[in-house]
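Notes for the structure review
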Amino acid sequence: MTRPPSPAPFCPATSISRRRWLAGLALMPLANVLPAAAQQALGACLPATDWTSFAARHLQADGRIVDFDTPNQHSTSEGQSYGLFFALVHNDRAAFARILEWTEKNLAAGSLAQRLPAWQWGHKPDDSWGVLDDNPASDSDLWIAYSLLEAGRLWNEPRYQTLARAVLAMAARDEVATLPGLGRMLLPWPKSVAKGPAWRLNPSYLPLQLLRRFQQLDGKGPWGEIADNTVRMIAAVTPQGFVPDWCAWSTQEQAFVADPEKGAVGSYDAIRVYLWAGMLHAADPARQPLLKSLYGPRRLLEQGKPMPEFIDTDTGVMRGTGPVGFSGALLPYLKAQALTPQLDAELARVRARVGSPAQPAPKPLPYYERMLLLFGQAWLDGRFAFSRTGQLQTHWRLLCPATQLA
């Protein structure tokens, strides 16, 4: 996906089996936390959205995940972080190692233990390849830290946990700021380039599952406070039940306000907020408040209307129809609220677009849409879940048939 242009001095951007149930004694039985779909037959799986299919197209042999729908064929720290997560979800240790190696070498100057990764790498104007925007993106940093932490736990690899702690410590040091009148909050970028009095924030950068896990890891850190402020933020910026891509904290008004650059528009970033909320553990105290704030898509789909591509979150004015990736992102959101007719409708839309191994879709979905589908469908199929404290819970035996869609 394309990120908004970075603030100065940012450069502008064209945005096996499982050997054992490791940690099983420390966690409740998987059947107690996975969605009901995990108890069902594998026929619910959508092979075209499976990790094997995604990796066949987007994951290169050296570990780089490519977004082919961008002019510079770029890779981002976001893509690398999601790649790490899904390699872990699918118990693909070789892919995990390759993705990590490429990320360290090309985005972190050789060491994620010493610097946060640059967010964008690709084809440069001088025809060379390299970093296009050197600044880190905090959402990617959290997903990298989380994936490393859980890989270390589930695969019993202490080196991954050590690296996770280093990445998380740098994120807390460089990307968490105390905003006057609000408290500690995760900024989208390093605080060295952030500025007030309107502090720009991105709601989709703050999955509560990850914050809960970090809070468990470091009870004295900022993560619990950030989680509380995230719930507060989402309640404040959703007057019509829809969340914007970007918002801001105004130190002058002591309130959340519209983003000074992007305004109150909800689209490709915001769709992830509904996804994160839907996948949140049912016992998390923030789940119901979040779903209550995010009532817009529920009401819209109950009326038989499609999710828009863009919406003014202040007025509710909508434009366009969201792509099929939006349907994938909404699957956990709908499942969490027992909206079965709407869930079935979105699943039907996804199936119609992605095709099947016997009859693949004529045109591959873009990277970002496929990633949204991976999150939504894999969670719905029961391949992973998040515990109340944010730990990743996998079901490595539940795998869809491999496909090689172009």
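Keep in mind the model is a prediction, meaning the values are calculated, not measured.

Considering the overall build of the chain
Within the chain, the secondary structure is distributed over 14 helices and 13 strands. A total of 406 residues make up the chain; the buried ones form 60% of that total. Approximately 15,600 Å² of the chain is accessible, and the part contributed by carbon and sulfur atoms is 53%.

Observations concerning unusual backbone geometry
Omega for the bond connecting Gly196 with Pro197 falls within 30 degrees of zero, at 5°, which places this linkage in the cis form. For Pro197, the location among the structural elements is in the loop between β5 (183-186) and β6 (198-201). The backbone of Asp127 sits at a positive phi, close to 75°, despite the residue not being glycine. Inspection of the secondary structure assignment puts Asp127 in the loop between β2 (120-123) and β3 (129-133). Residue class for Asp127 comes out exposed when judged on its relative accessible area of 55%. A positive phi angle, close to 55°, is found at Ala338, a residue other than glycine. With respect to the secondary-structure elements, Ala338 resides in the loop between α12 (324-336) and α13 (340-354).

Some thoughts on the nonpolar core
In this structure, Trp51, Phe85, Phe86, Phe96, Phe375 and Phe384 are the most contacted members of the largest nonpolar core, which totals 107 residues. Among the nonpolar cores identified, the runner-up in size contains five residues, and Val324, Val350, Val354 and Leu373 belong to it.

A closer look at the packing of helix α2 (residues 51-58) against helix α14 (residues 367-380)
Between α2 and α14, the shortest axis-to-axis distance is 11 Å and the interhelical angle comes to 160°. Judged by the angle between their axes, α2 and α14 are roughly antiparallel. Of the two possible hands of crossing, α2 and α14 adopt the one that is left-handed. On α14, the residues touching Trp51, Ser53, Phe54, Arg57 and His58 of α2 are Tyr367, Arg370, Met371 and Leu374. Its residues placed into classes, the contact of α2 with α14 shows five nonpolar, two polar and two charged.

Section: the pattern of salt bridges
The full count for this structure, using the stated rule, is 15 salt bridges. Arg272 serves as the salt-bridge partner of Glu78, at 3.3 Å between the closest nitrogen and oxygen. Separated by 194 residues along the polypeptide, Glu78 in helix α3 (residues 77-89) and Arg272 in helix α9 (residues 271-279) bring together distant segments of the chain. Residues Glu78 and Arg272 agree in their burial class; the two are buried. Here Arg200 makes a salt bridge to Asp259, at a shortest N to O gap of 2.7 Å. Residue Arg200 is located in strand β6, and its partner Asp259 is located in the loop between β8 (255-258) and β9 (265-266); the two are separated by 59 residues in the primary sequence. This pair shows no difference in class: Arg200 is buried, exactly as Asp259 is. A single network of salt bridges, built from pairs that share partners, joins Glu78, Asp139, Asp269 and Arg272.

Description of the sheet that holds β9
Taken in spatial order, the three strands line up as β9-β10-β11 in an open sheet, and their pairing is antiparallel. In this open sheet, the two strands that pair with only one neighbour each are β9 and β11 (318-319). As judged from the two bridges shared by strand β10 (residues 310-312) and β11, these two strands associate in the antiparallel manner. For Ile311, the partnering residue across the bridge sits in β11 and is Met318.

What counts, and at which threshold
Residues numbered from 1 in each chain as written. Predicted model: local features only at pLDDT ≥ 70, side-chain atom pairs only at ≥ 80, totals over all residues. Heavy atoms only, no water. Helix = DSSP H or I, 4+ residues; strand = E, 2+ residues; numbered from the N terminus. Buried < 20%, exposed > 50% of the residue type's maximum accessible area, 1.4 Å probe, protein only. Areas by Shrake-Rupley, 256 points an atom, 1.4 Å probe, with all protein chains shown as cover. Core = buried A, V, L, I, M, F, W, Y, C linked by side-chain atoms within 4.5 Å. Axes fitted to C-alpha atoms, helices over the stretch in contact; angles between N-to-C directions. Parallel < 35°, antiparallel > 145°, perpendicular 65-115°, else oblique. Left-handed = near helix turned anticlockwise from the far one by under 90°. Contact = heavy atoms within 4.5 Å. Nonpolar A, V, L, I, M, F, W, Y, C, P; charged D, E, K, R; others polar. Salt bridge = Lys/Arg side-chain N within 4 Å of Asp/Glu carboxyl O. Pairing = 2+ DSSP bridges.

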